Amino acid sequence: MDMFPYPSGDLHMGHAEAYALGDVVSRYWVQRGFNVLHPIGWDAFGLPAENAAIKRGLDPRQWTYDNIDQQRKSMENYACSFDWDRVLRTCDPIYYRWNQWLFLEFYKKGLAYRKNSNVNWCPSCQTVLANEQVVAGLCERCDTEVTKKALTQWYFKVTDYADRLLDDLDTLEGKWPSKVLTMQRNWIGRSYGASVRFEVENRDEPIEVFTTRPDTLYGATFMVVAADSDLASELVADADSDTKAKFAEYLETVKKTSDIDRLSTDREKTGVFLGRYAINPLNGEKLPMWASDYVLADYGTGAIMAVPAHDERDMEFAVKFDLPIRTVVDTGEEDPQVTKIATAGDGVLVNSGPLDGLRKEQAIAKAIEVLQQRGTGEKTKTFRLRDWLISRQRYWGTPIPIIHCAKCGEVPVEQDQLPVELPDSQGLDLAPKGTSPLGGAEDWVNVDCPKCGGSAKRDTDTMDTFVDSSWYFLRFFSPNSEQFAFDPDGVKQWGAVDQYVGGVTHAILHLLYARFFTKVLFDMGMVDFEEPFSRLLNQGMVLMDGSAMSKSRGNLVKLGDQLEEHGVDAIRLTMSFAGPPEDDIDWKDVSPQATSKFLARAWRVAKDVSESSAEGEPDIDVRKATHSFLNEFETNIENFKFNVAVAKTMELVNALRKAIDSGCGAGNPAVREGAEELAKGLSLFAPYVAEDMWHLLGHESPVALAGFRDIEKELLVQDSVTAVAQVNGKLRDKFEVSVDISEKELEALAMNSENVKRAIGDSEIAKIIIRAPKLVNIAVKG
RNA sequence: GCGCGAGUGGCGAAAUGGUAGACGCGCUGGCUUCAGGUGCCAGUGUUCGCAAGAACGUGCGGGUUCAAGUCCCGCCUCGCGCACCA
């Protein structure tokens, strides 16, 4: 299965590569006789449709469906072997109805909930964004600086699945690109440590912090609370007016700082003293409490214990504000108290009471044990992963099927009322204004509460389009079903996606969400697998002159033009032959003309065979060439080495050409056999030419279904090989030998070689290594 | 800063520790052709040599091995990811 496209305009070179490669895999397994489901659909909701609507006054629905029609025609022309009976479009009510159904199932299980918090806000798109959609502080879509806004929004509780999402990555090892696995692991970001409760003077409740280094508790010399957290404001509330004023001023500047500035690496630490003290639970020491923006409000508990001697950031802060530094781990490096350089490595505990003399790992365990005994802390873990914010204040998406009633609160829409269809865009103001355009559809918004019958309003937000793509692969089992989201029989028959193909751009977002959905559906008993995509192939990008193609850059290569000039087969083959699929292709390095020439050369082989009458016994060398081609072709395809597989078909063409011109001739049955396997092999890359060849060779049925010939193992055995003679590992001579040559014979052959004799000269022979039938290496002294 | 990946001819690239450069582009020469931006054949890592052959050669420096593009250690460069995550 290929990642489904977003229908913005026609297909481009990137699509051409992705679908060529996906099609090779699909056609290969069909050729091997498997029942292959190779579906396609459209990720049809989303902002571009809406933006086009705003900019050019179009109906987003019309714009989307027009683009889908155009893309579909191009795909058909491009010979994509999709199952056109299973097409889905996520903007069809029959599709998004099940988005809503799934949302309500999640809601029932407490996996969909609403909360108020500081969320990422794109001032340009005028909508909230998920953490995953913020890249280095910028909106993933429009590169605008993202700001924070306190809003009540819908979330999916991905964090409930954090452990499984992380641990199950192990089962994908070797089947997904390791790069993607690493990125997912980093994103989920589990760290083990301890939560520790610190009493605070003049406060009833202790505050809790998370630390990965409970062993350094004796080295804690102050505490830091995230300046923008509720806790900081609360702590400072009772302070003197001077402290309060300073805090208020600081908080103002923190709020003004954009994420971009905040993230810049060598930014000086800032902060203010809160006028409060916490008590170290292990040694009873009084620790001054500070507020700073280097502690994040939404990670851990938004507060930390600061151990400057063994944490770089705490050290920086301590130096800046002249706070004490106490070394508690002797790492063998210079004392951080003196150098002002924090040490984080392993070592022996000092100045730490009962922990003294222990090594880091033991001390961590011991510290946790002590905390547990005293009831002031325990072993715990924290994740970087946050819950998935799914509400969007935009029009072109799935309406959230919730009704808000003043009396009954959140009321889910009844099952039989689904789908909650999007109102027509006519008469709605789609321009971004910070609240959903759906709010303006009064007939649509105002409804009776399903519970009490009183007047109520629909939720006006729409779902993130990543909800649509989190389960679409399951919908292909029954794309038009009104009975269920996806057919359980289909799940049994087809199961998880055996092979997924798409760009690495979705390494985190889409793949993580789809994995999350699959696990939830597994727990609901709706699917019997926990990972949606058994194998994943990331294709690279198609570039021009080293950079991404774009109209504004003036280096845009149009797929339509390329197809016009070279033909579909040549472009598909060029994409496959250019290099390893995961590498980028620079279009300037690639030659579709050459590929065309190769296709013509292959075609002529079939032509020559078709014009000769069969005669003679099958030529054994040609048969060997054909069967070793089959053997190598199959392993290369199965290992995604499409470029090498194409090279092997070129070798076969060369061998057949030679046989026709200066060997056994085109009428030899072995040449016909070779030409037929050649057509089948080529059918994965160049279906039109291959089909023509196949018909030239006298077949009526489609080449795509012909099936490779069984490999005759005995034809893979070479009866002579080139043996090499080395002296001290350097090649000195070669000879053709029989594969079953004895070690003695091979050695004699080598020793009699003039070249070898010369290389040995007067030196003394130390050792002779023989690997019959391929190699003799003579080690000499001196 | 941390993590991951990659550095091989003029170019895109091949190579279970055992012939480095398969296959293709480009280039050179020959044949075919009225002609050719076609087709076919041959050559093509660098240096020396008429040749036979030799020396050198997979980013750099070491190491393991009879044998290293491949394994180990240290560096350099590029790309990607993460980046005050406690």
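Residues numbered from 1 in each chain as written. Chains lettered and ligands numbered in written order. Predicted model: local features only at pLDDT ≥ 70, side-chain atom pairs only at ≥ 80, totals over all residues. Heavy atoms only, no water.

A. Quick look at the sheet that holds strand β19 (residues 402–405). Reading across the sheet, the four strands line up as β20-β19-β22-β21 and stay open at both edges, with antiparallel pairing between neighbours. Across the chains shown, the open sheet's two edge strands, defined by having one partner strand only, are β20 (409–412) and β21 (446–448). Each strand axis lies, on average, 40 degrees off the axis of its neighbour in the sheet, ignoring direction. With four bridges joining them, β19 and β20 adopt antiparallel strand pairing. In the sheet register, I403 faces β20, and the bridge partner there is V411. (Pairing = 2+ DSSP bridges. Helix = DSSP H or I, 4+ residues; strand = E, 2+ residues; numbered from the N terminus. Axes fitted to C-alpha atoms, helices over the stretch in contact; angles between N-to-C directions.)

B. Highlighting unusual backbone geometry. Residue P419 follows L418 across a cis peptide bond; omega there is -5 degrees. On the secondary structure map, P419 appears in the loop between β20 and α13 (442–445). For the peptide bond that leads from A772 to P773, omega is 0 degrees, which places it in the cis range. One non-glycine residue, N202, lies in the positive phi region at around 60 degrees. Of note, N202 is situated in the loop between β8 (190–200) and β9 (207–211). In this structure, N728 takes a positive phi of about 50 degrees despite not being glycine. Residue placement: N728 occurs in the loop between β29 (720–727) and β30 (730–738).

C. Structural detail: the side chain of H310. With respect to the secondary-structure elements, H310 resides in the loop between β13 (303–306) and α10 (312–321). Under the relative-accessibility criterion, H310 is labelled buried at 6%. Within the structure, the side chain of H310 is placed 3.0 Å from the backbone nitrogen of V328, a separation counted as a polar contact. Not counting chain neighbours up to four residues away, the residues in contact with H310 comprise T216, R326, T327, V328, V329, P336, A342, T343 and A344. (Buried < 20%, exposed > 50% of the residue type's maximum accessible area, 1.4 Å probe, protein only. Polar contact = N/O pair within 3.5 Å; in protein donor to acceptor, adjacent residues only side chain to side chain. Contact = heavy atoms within 4.5 Å.)

D. Structural context of the environment of L430. Take L430: it is sitting in the loop between β20 and α13. Taking relative accessible area as the criterion, L430 reaches 9% and is therefore assigned buried. Between the C-alpha atoms of L430 and R758, which are 328 residues apart in sequence, the distance is 86 Å. The residues contacting L430, other than those within four sequence positions of it, are E50, A53, I54, P60, R394, Y395, S425 and P437.

E. Structural context of the confidence of the model for chain A. A residue-level look at chain A finds 99% of positions with pLDDT of 70 or above and a mean pLDDT of 92. If you check the scores for this complex, the pTM reads 0.93 and the ipTM reads 0.95. (pLDDT = per-residue confidence, 0-100.)

F. Structural view of the nonpolar core. Core analysis: the biggest nonpolar cluster contains 117 residues, and F103, F156, W388, F516, M575 and W587 have the highest contact counts within it. Among the elements that line this core, the one with the most residues is helix α17 (residues 509–523), at nine residues. In this structure, W587 is in contact with M13, V542, L543, M544, M549, V557, Q562, I571, T574, M575 and P592, ignoring residues within four places of it in sequence. If you look at the next biggest cluster of nonpolar residues, it comprises 45 residues, including L599, A645, V646 and A686. (Core = buried A, V, L, I, M, F, W, Y, C linked by side-chain atoms within 4.5 Å.)

G. Broad picture of the packing of helix α19 (residues 568–577) against helix α20 (residues 592–610). Put simply, α19 and α20 touch, their axes get as near as 9 Å, and they point 110 degrees apart. Accordingly, the angle class assigned to the pair α19 and α20 is roughly perpendicular. α19 and α20 meet at a crossing whose hand is right-handed. Within the contact between the two elements, α19 uses D569, A570, I571, L573 and T574 and α20 uses P592, T595, S596, F598 and L599. Residues belonging to the contact of α19 with α20 are distributed by class as follows: six nonpolar, three polar and one charged. (Parallel < 35°, antiparallel > 145°, perpendicular 65-115°, else oblique. Left-handed = near helix turned anticlockwise from the far one by under 90°. Nonpolar A, V, L, I, M, F, W, Y, C, P; charged D, E, K, R; others polar.)

H. Spatial organisation of the packing of aromatic side chains. Scanning all chains against the criterion turns up 42 aromatic pairs. An angle of 85 degrees between the planes, with centres 5.8 Å apart, marks the rings of Y19 and F82 as edge-to-face. You can see Y19 sitting in helix α1 (residues 13–31) and its partner F82 sitting in the loop between α3 (60–77) and β2 (88–89), a full 63 residues away along the chain. We note that Y19, like F82, is buried. A ring pair is formed by Y113 and Y155, whose centres lie 5.6 Å apart and whose planes are at 20 degrees; its orientation type is stacked. Taken together, the residues Y113 in strand β3 (residues 112–122) and Y155 in strand β7 (residues 147–156) connect sequence positions 42 residues apart. Members of the aromatic cluster, connected to one another through ring pairs, are F103, F106, Y107, W154, F156, Y161, W388, F466, Y513, F516 and F517. A cation sits over an aromatic face here: K149 above W121, 3.9 Å from the ring centre. The ring of Y294 has K269 lying over it, and the distance from NZ or CZ to the ring centre is 5.2 Å. (Phe/Tyr/Trp six-rings, centres within 6.5 Å; stacked < 30°, edge-to-face > 60°. Lys NZ or Arg CZ within 6 Å of the ring centre and 35° of its normal.)

I. Inspection of the pattern of salt bridges at higher detail. Overall, the coordinates contain 51 salt bridges when judged by the stated rule. D311 is the salt-bridge partner of R313, the closest N and O atoms lying 2.4 Å from each other. By relative accessible area, R313 is classed as partly exposed at 49%. The residue K757 makes a salt bridge to E754 at a minimum N-O spacing of 3.9 Å. You can see K757 and its partner E754 sitting in helix α26 (residues 754–760), three residues apart, about one turn around the helix. For E754, a relative accessible area of 53% gives the class exposed. (Salt bridge = Lys/Arg side-chain N within 4 Å of Asp/Glu carboxyl O.)

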